[in-house]
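Coordinates in review
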Amino acid sequence: MAYGTPASIDDVEAYYTHIRRGRPPTPEQVAELVARYESLGGTSPLRRITEAQAARIDTALADGWTVALGYKHAAPFIEDAVAALADDGVDAVVGVVLAPHYSQASVGEYLGRLRKAAADHGLDATAVESWHDLPAYVEFLADAIRERLSSLPDRTKVLFTAHSLPERVLAGDPYEDELAASAAAVAARAGLDRWSGWGLAWQSAGRTPEPWRGPDIGDVLDDLAATGRADGALVCPQGFVADHLEVLYDLDQVAAERAATVGLAFARTPSLNDDEVVLAALAERVRAAAAA
């Protein structure tokens, strides 16, 4: 399961409406989102990448498994994927969300929809609820950090980012703890110093009146420059596993411009995308969930 993306510019308004749980966005909001997609060339590569990720998992699972892809906010929806599996005659489904860290407000919603759809078709359902500690993913990020740091100033701070969530949904939620744990594991693997070498930041907060978790990546970049504590920033978007709007626009364009404005060298680690090693390891988590 994955978030989904509009297939074309013409689909943006319907997609945005679905994200807003049926409340149509204003023309200004649609225009702003369209402009962001157009800055990427018209569409996001997310659908193509997600399909490639599912294909990697399918190949790793091999015989005896049927893999279907369902999206949270675009067709084919999660419910469509479960219906297709039921039509194929499967006895049970194992859900895996292409997002490493669990939050009830994000991954929890995917799994709830999966379990309801499975029950509607008389299927047993289980899931990989979190894979932030997957050793292959930790190693992938650590390798990416080491490679990118080699071309940046000595005093470069690594900033691990993830999608911000409203403060109201984070009370008692494991999301922030899992993000801190995975960042610490990656930093240790990459040999980063805890205080001067790395830190946590948030990105892509929604535009609603309620408070969202921070500090935002832009504010962190401003602070690093103002205090003189770093000459460069390397962003590791650990909460995302594919090149999409939050990475290609929010980081590669907005954050990069912010860093340039305040005089910081800037780079980003590459996204997981369809890395064969990590997705084969994730497939083993699927097998383990089924066996349990």
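To keep things clear, this report deals only with the structure shown in the data block. Computed from a predicted model, the values in this text were never measured in an experiment. (Residues numbered from 1 in each chain as written. Predicted model: local features only at pLDDT ≥ 70, side-chain atom pairs only at ≥ 80, totals over all residues. Heavy atoms only, no water.)

On to the overall build of the protein. Within the protein, the regular secondary structure consists of 12 helices and six strands. Its C-alpha radius of gyration of 19 Å places the protein within 12% of the 19 Å reference for a compact globule of 292 residues. The 292 residues of the protein split such that 49% are buried. Sequence separation of 24 or more characterises 77% of the internal contacts of the protein that already satisfy a separation of 6 or more. About 13500 Å² of surface is accessible on the protein, with carbon and sulfur atoms providing 51% of the total. Counting 25 positive and 44 negative side-chain charges, the protein places the averaged centre of each group 4 Å from the other. (Helix = DSSP H or I, 4+ residues; strand = E, 2+ residues; numbered from the N terminus. Rg over C-alpha atoms; globule rule 2.2 N^0.38 Å. Buried < 20%, exposed > 50% of the residue type's maximum accessible area, 1.4 Å probe, protein only. Contact = heavy atoms within 4.5 Å. Areas by Shrake-Rupley, 256 points an atom, 1.4 Å probe, with all protein chains shown as cover. Lys, Arg positive; Asp, Glu negative; His and termini not counted. Charge placed at Lys NZ, Arg CZ, Asp CG, Glu CD.)

When strand 1 (residues 92-96) meets strand 2 (residues 124-128), the two strands line up parallel, connected through five bridges. Looking across to strand 2, one finds that Val 96 is bridged to Val 128. Regarding topology, helix 5 (residues 107-120) serves as the crossover connection from strand 1 to the parallel strand 2, and that connection is right-handed. (Pairing = 2+ DSSP bridges. Right-handed = clockwise from strand over helix to strand, strands pointing away.)

Moving on, we get to the packing of aromatic side chains. Scanning all chains against the criterion turns up three aromatic pairs. With a centroid separation of 6.0 Å and an interplanar angle of 50°, the aromatic rings of Tyr 175 and Trp 202 are classed as tilted. Taken together, the positions of Tyr 175 in helix 8 (residues 175-190) and Trp 202 in strand 4 (residues 198-203) put the pair 27 residues apart, joining distant regions of the chain. Take Tyr 175: its relative accessible area is 8%, and that puts it in the buried class. (Phe/Tyr/Trp six-rings, centres within 6.5 Å; stacked < 30°, edge-to-face > 60°.)

Taken together, the buried positions of helix 9 (residues 217-227) are occupied by Ile 217, Gly 218, Val 220, Leu 221 and Leu 224. Buried residues of helix 9, viewed axially, fall in a sector of 165°; they line one side. The N-capping residue of helix 9, defined by a side-chain oxygen 2.9 Å from the backbone nitrogen of Gly 218, is Asp 216. (Arc of directions from axis to C-beta. Polar contact = N/O pair within 3.5 Å; in protein donor to acceptor, adjacent residues only side chain to side chain.)

Another point: the nonpolar core. If you look at the biggest cluster of nonpolar residues, it comprises 38 residues, and the most contacted ones within it are Trp 131, Tyr 137, Ile 145, Val 158, Phe 160, Leu 272 and Leu 282. Elements supplying a minimum of two residues to this core: helix 3 (46-61), helix 6 (135-149), strand 3 (156-163), helix 8, strand 5 (232-236) and helix 12 (276-291). Ranked by residues supplied to this core, first place goes to helix 6 with seven residues. Ignoring any residue separated from it by four or fewer positions in sequence, one finds Tyr 137 in contact with Pro 100, Trp 131, Gln 238, Phe 240, Val 241, Leu 272 and Val 278. Val 82, Val 107, Leu 111 and Leu 123 belong to the second-largest nonpolar core, a separate cluster that totals 16 residues. (Core = buried A, V, L, I, M, F, W, Y, C linked by side-chain atoms within 4.5 Å.)

On to the packing of helix 3 against helix 12, then. At their nearest, the axes of helix 3 and helix 12 sit 8 Å apart, and the two run at 60° to each other. By the angle class used here, helix 3 and helix 12 are oblique. Crossing of helix 3 against helix 12: the hand is right-handed. In this structure, helix 3 contributes Gln 53, Arg 56, Ile 57, Ala 60 and Leu 61 to the contact, and helix 12 contributes Glu 276, Leu 279, Ala 280, Leu 282, Ala 283, Val 286 and Arg 287. Residues of the contact of helix 3 with helix 12, tallied by class, amount to eight nonpolar, one polar and three charged. (Axes fitted to C-alpha atoms, helices over the stretch in contact; angles between N-to-C directions. Parallel < 35°, antiparallel > 145°, perpendicular 65-115°, else oblique. Left-handed = near helix turned anticlockwise from the far one by under 90°. Nonpolar A, V, L, I, M, F, W, Y, C, P; charged D, E, K, R; others polar.)

Here we come to the pattern of salt bridges. Summed over the entire model, instances satisfying the criterion amount to 25 salt bridges. The closest approach of N and O atoms between Glu 276 and Arg 56, which form a salt bridge, is 3.8 Å. Residue Glu 276 is located in helix 12, and its partner Arg 56 is located in helix 3; the two are separated by 220 residues in the primary sequence. Linked through salt bridges whose partners overlap, the residues forming this network are Glu 32, Arg 36, Arg 207 and Asp 250. (Salt bridge = Lys/Arg side-chain N within 4 Å of Asp/Glu carboxyl O.)

Below, the discussion takes up the sheet that holds strand 3. Sheet architecture is open: four strands sit in the order 4-3-5-6, paired in parallel fashion. Each end of this open sheet is capped by a strand with a single partner; those strands are strand 4 and strand 6 (265-268). Adjacent strand axes in the sheet meet at a mean angle of 25°, parallel and antiparallel pairs treated alike. Pairing of strand 5 with strand 6 involves four bridges; the strand directions are parallel. Within the sheet, the bridge partner assigned to Leu 234 lies in strand 6 and is Ala 267.

Before going further, it helps to spend a moment on unusual backbone geometry. Between Ala 75 and the following residue, Pro 76, the backbone shows a cis peptide bond with an omega angle of -5°. Within the secondary structure, Pro 76 is located in the loop between helix 3 and helix 4 (78-87). Here the amide bond leading from Gly 214 into Pro 215 is cis, since omega sits at 10°, within 30 degrees of zero. You can see Pro 215 is positioned in the loop between strand 4 and helix 9. Not every positive phi belongs to a glycine, and Arg 21 is a case in point at roughly 55°. Note on Arg 21: relative accessible area 66%, which makes it exposed. Located in the positive-phi region is Ser 204, a residue other than glycine, with phi close to 60°. Its relative accessible area of 16% is what places Ser 204 among the buried residues.

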